[in-house]
Amino acid sequence: MKVTEKMTVADMLRGCAAGRIQSVGCMQVIPLVSDISDDRFVAPDEAEVSTKDYGTLVFRNTSDKTMIVPPQTAYVVNQMAQDHALPHAGLVKAKALKAYKTAMCIQQTQGGLILSGKHQMVILPFVLREQAHRLRKDVDFRRLWDAIGQLNTDSGVPTVSGGHLDVFLKHFEKELNAFVAEFEPVDRQVGAIVMIGGRVVGIERTPNYAYWKAVWPALIRECYGSLAMMTEKKGAKIPETRVPLRKATSVADLKAALGEAAEAERSKTAGIVNGLLQVSMTSESEDSESGVHIDSVAGEGFVGQVVKDGPAVVYGSLIAKQEKLKKEEWEAKAKPFAM
Amino acid sequence: MPKRTTTKKKAAARESKKSAVSPKEMFALVKREDVRSAVVTTKSGEIQFQSEKAMQKVRESLLSFIDMAGTASGQSTYYDSKEGQQKTIMRLHDSLLDANRGLYAAMLTFPGINDVHKQLGIIRLVGSGIGRDSSLLTEEQEGRLVSHLIESLPIQRLLKLFGHMKDNRINNSRTKRIILTTVLNGGSLEFWSVKYRRKLRTAMVHAVGRSRASALRTILSKPVMDEREQMFFDSAVGHFVRDPILRKSTVLRECVCFILGGKPAAGYTVDLIRRYYDARAALDSGQGLPRETLEGIRSIYHKKEPKGKVLELSKVAMSEGDKMRVQKAAKEAGVDIKFDPSKQDIVSLYVYALEQGMTADIRRAADKKAEEIARSLPLSYNRVGIVLDASMSMFGTKEAKRRPLAIALAMREVLSRMARDAAYEKVVGGAEASGGLVYPQGDTSLAEAVLEMVERQPDAVFVITDGYENAPAGRVNEVAKALRSLGILTPMYQVTSVIDAGAGGVRSLSDEMIPLPVSRPAGIGLAMVRAALEADLPNGIKALVGLAKPLIEGKKGGGK
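Residues numbered from 1 in each chain as written. Chains lettered and ligands numbered in written order. Predicted model: local features only at pLDDT ≥ 70, side-chain atom pairs only at ≥ 80, totals over all residues.

Visitor: What should I look at first to understand the overall build of chain B in this one?
Guide: Each helix and strand in chain B was counted, giving 28 helices and nine strands. Across the 560 residues in chain B, those meeting the buried criterion constitute 47%. When contacts within chain B are restricted to residue pairs at least 6 apart in sequence, long-range pairs at least 24 apart make up 69% of them. (Helix = DSSP H or I, 4+ residues; strand = E, 2+ residues; numbered from the N terminus. Buried ≥ 20, exposed ≤ 12 C-beta atoms within 10 Å, placed from the backbone. Contact = placed C-beta atoms within 7 Å.)

Right under this line is the structure:
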């Protein structure tokens, strides 16, 4: 039986506090730190992953804890095999094997199956995630090819070869790798609020510190890094949520100016984030395993999935809808009419 | 099923799966027949340039080369791919070689240049003729620098280099002489033969030629050589051996026979080679063989024997560096292998301590090394301020775990010893542990730390970092500019142990900071040469070539 409930962003972030903001270029990351580290769960970085046939992704959880697979996790492998992605979150029991027939091919013209092994995980580029989420229940391995092809065209990847995500990742490898060094995990971190151009584009929360460290490179490089890179290519400037240093009259005054700028940035950013906390979302149960269940959530401007243990959100991944981002972009450009 | 793949698309897909430039490509020679040196000398010995544009190009090439040659090793960094690094490295080598091969050769002999750059340099110098190029050095002078470069490389790197020479089909008489004199006069022919047999065979066959190598193998397998055969052996091999006793010895004949894959009719009498064969029957007989060799034998002939036994049997043959490297495995296997920390370089000591924990012995040895390096540097201060970035990105990669941080910690020790009166320090990010260790952790907020150091009014501020700042990015630059506008002119240096290959140099925090790229503390001298070149290019080049003068003139100890 499907259960539909209401929840807010604040519910998803309960138990977390905001760390010091990290800002590079048009991107800002607010680390979410917590004293709660729920070590019952592991990330799929240690899983043995393979494809059984086109559209079936298989996870072997070798650990003695339940594995949560983040939504839109993908595997771009160094084998002559078709790369695959999972459009929704997954749960794999401890020491168990689970096959998802809802997986998608992300390398259109490459044949071959992925041999079982530990492969580096990626999270799909931001612009593909909403579509993947929307199509998560379908069973058709070809369903993301057009969107990937569009991404390649929009980002100016030469010799576009349709739905080949590997071509995009290879082409921008250097730019995307830089994001990993630019945005670093901090002590006690379990999540992050990601802003690009002064707007919240994603909210991520994981169960524990080790989990966060395992998934962060994939989130910051392929998912949010790709969006920041494309936004900067369009000419995005330093966002208004960044505050430059004021002119100082002495070293002591310069020190004070540093503190003021940091405080002003935090205050501006907090204003935006706090405005989102009470956004109401519907939460609909879709899968369960080992006493926890996956819910799909949707609210004004955001979609995503959470993993709940009763009332507690142990994992959550929300992304801003393209529609919301376009609206905000327009509103930033076109000021309200007044006489 | 997915659509049928066309051949072209298949090729493109295959191409996209390639991860890095192959070693063969990395060490490939570029044809440079029509290159005209941008740098020339006048009759009075002054440095001149072909044009103003050429001067700008040389400046760019030299500075980028220094930024790279002291740091980049062609491996991936925390944020850059192996391929990106390697392409940049090749481009910068070719660019400086084109500027002037004599200048290029002199540059390579400078302390602080990584071994991989020496290898690339030797390949380029040996593999390309001087031709119409007006080098700052004569062929003979260049030859002396090349010999020095070769002598400064460890055997495993030399053997790799010889392999690259073979790949590039560099087989002139100079190459033959270099290979044979290096292999036969290293003082460890017996040990090298069993440790590097295959690589030695490749090098030797390349040097003497296939047919002569085959003939040598045949005659060395005979019970006795006749006079003609002896003469052939002497001209092909013995001629290159400096030690007259070794030249006439059984050790030389049996080692060459073993390397070339022969088998003497009466069997081997040289101790290590005999053990090599005996160990196949009984692993214990292999005591004293190199660890890698013995492990190879164990994995084929004695699969049931534990790996720890190899450590026990080979520990007498281990170098000090090897002894330190195997500590973790030895502990796990319950084998006691002692090593002497004083025989290690300071960065290796920190890599070890970050992995295994700091001990009093390591601390003492690291302190002593830091003192020695600080004393050898050409400058000192009354007071210095040091900011150490220990954020997460300083961790390194799978290929070079903990290395950027180990270099940073070593640099901190050296820099603090360059101060006569006081050294102020501030660690940003990281988790401090006992024994002066810091483990990478957290974000990078350097601006406040820089300001704190400046407030203490030191003679110079050194910021040891990878150049990635995020809380927020650009803040250090804002602070540095604000300090200058307040009239505070304290010199600020950015000491960086990793390279951004894409930018062709160090990822700079601020224009107000002088970049000092280093891969080991001794290399900071190289970074200081960079500053001299930036200030006055013609005289900087003259000084640089001057520093290599003792080597150019055939005396040892140049480039210091």
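Visitor: Would you mind going over the sheet that holds strand E11 (residues 90-92) of chain A with me for this structure?
Guide: Sheet strands pair by backbone hydrogen bonding; their relative direction is either parallel or antiparallel. Residues and elements named next belong to chain A. Judged by pairing direction, the sheet is mixed, and its three strands sit side by side in the order E5-E8-E11 without closing on themselves. Looking at which strands have only one partner, the edges of the open sheet turn out to be strand E5 (41-42) and E11. When strand E8 (residues 66-69) meets E11, the two strands line up antiparallel, connected through three bridges. Counterpart to Val69 in the pairing with E11 is Gly90. (Pairing = 2+ DSSP bridges.)

Visitor: How should I be thinking about the sheet that holds strand E3 (residues 381-389) of chain B in this particular structure?
Guide: All names here are of chain B. The strand order across the open sheet built from five strands is E4-E3-E7-E8-E9, with neighbouring strands paired in parallel fashion. Looking at strand neighbours, the two that pair on one side only are strand E4 (419-428) and strand E9 (514-517), the edges of this open sheet. Put simply, the sheet's adjacent strands are angled 20 degrees from each other on average, direction ignored. When strand E8 (residues 492-496) meets E9, the two strands line up parallel, connected through four bridges. The partner of Thr496 across the bridge, within E9, is Pro517. (Axes fitted to C-alpha atoms, helices over the stretch in contact; angles between N-to-C directions.)

Visitor: Which parts of the structure should I look at to understand the nonpolar core?
Guide: The tendency in soluble globular proteins is for nonpolar side chains to be buried as a group. With 152 residues, the main nonpolar core has Met204(B), Tyr350(B), Val387(B), Val450(B), Phe462(B) and Val463(B) as its most contacted residues. Per element, the largest residue contribution to this core is nine residues, and it comes from helix H23 (residues 403-417) of chain B. Beyond its immediate stretch of four places on either side in the chain, Val387(B) contacts Lys426(B), Val428(B), Leu446(B), Ala449(B), Val450(B), Met453(B), Val461(B), Val463(B) and Ile464(B). The next biggest cluster of nonpolar side chains, apart from the first, holds 100 residues, and it includes Met27(A), Met121(A), Leu176(A) and Val200(A). (Core = buried A, V, L, I, M, F, W, Y, C linked by C-beta atoms within 7 Å.)

Visitor: Would you take a moment to explain the packing of helix H12 (residues 210-221) of chain B against helix H13 (residues 227-236) of chain B for this structure?
Guide: Helix-helix packing is described using two parameters, namely the angle between the two axes and the distance between the axes. Residue and element names in this part refer to chain B. The interhelical angle for the contact between H12 and H13, taken along N-to-C directions, is 130 degrees, at an axis separation of 11 Å. Here H12 lies oblique to H13, going by the angle between them. Pair H12 / H13 crosses with left-handed handedness. Here Arg212, Ala215, Leu216 and Ile219 of H12 come into contact with H13, specifically with Glu229, Phe232, Phe233 and Ala236. Here the contact of H12 with H13 is composed, by residue class, of six nonpolar, no polar and two charged. (Parallel < 35°, antiparallel > 145°, perpendicular 65-115°, else oblique. Left-handed = near helix turned anticlockwise from the far one by under 90°. Nonpolar A, V, L, I, M, F, W, Y, C, P; charged D, E, K, R; others polar.)

Visitor: Explain the pairing of strand E18 (residues 292-299) of chain A to me, please; I cannot follow it from the model alone.
Guide: One face of the sheet, then the other: side chains in a regular strand alternate in exactly this way. All names here are of chain A. The pairing of strand E17 (residues 280-289) with E18 spans eight bridges and is classified as antiparallel. Bridging across to E18, Ser283 finds its partner in Val297. Connecting the antiparallel pair E17 and E18 is a turn made up of two residues, with Ser290 showing a positive phi of about 50 degrees. Alignment of E18 against strand E19 (residues 302-309), held across seven bridges, turns out to be antiparallel. By the bridge assignment for E19, Asp295 is matched with Val306. The antiparallel pairing of E18 with E19 creates a hairpin that spans two residues between the two strands, and Gly301 there sits at a positive phi of about 90 degrees.

Bear in mind that shape data such as this cannot, by itself, settle questions of function.
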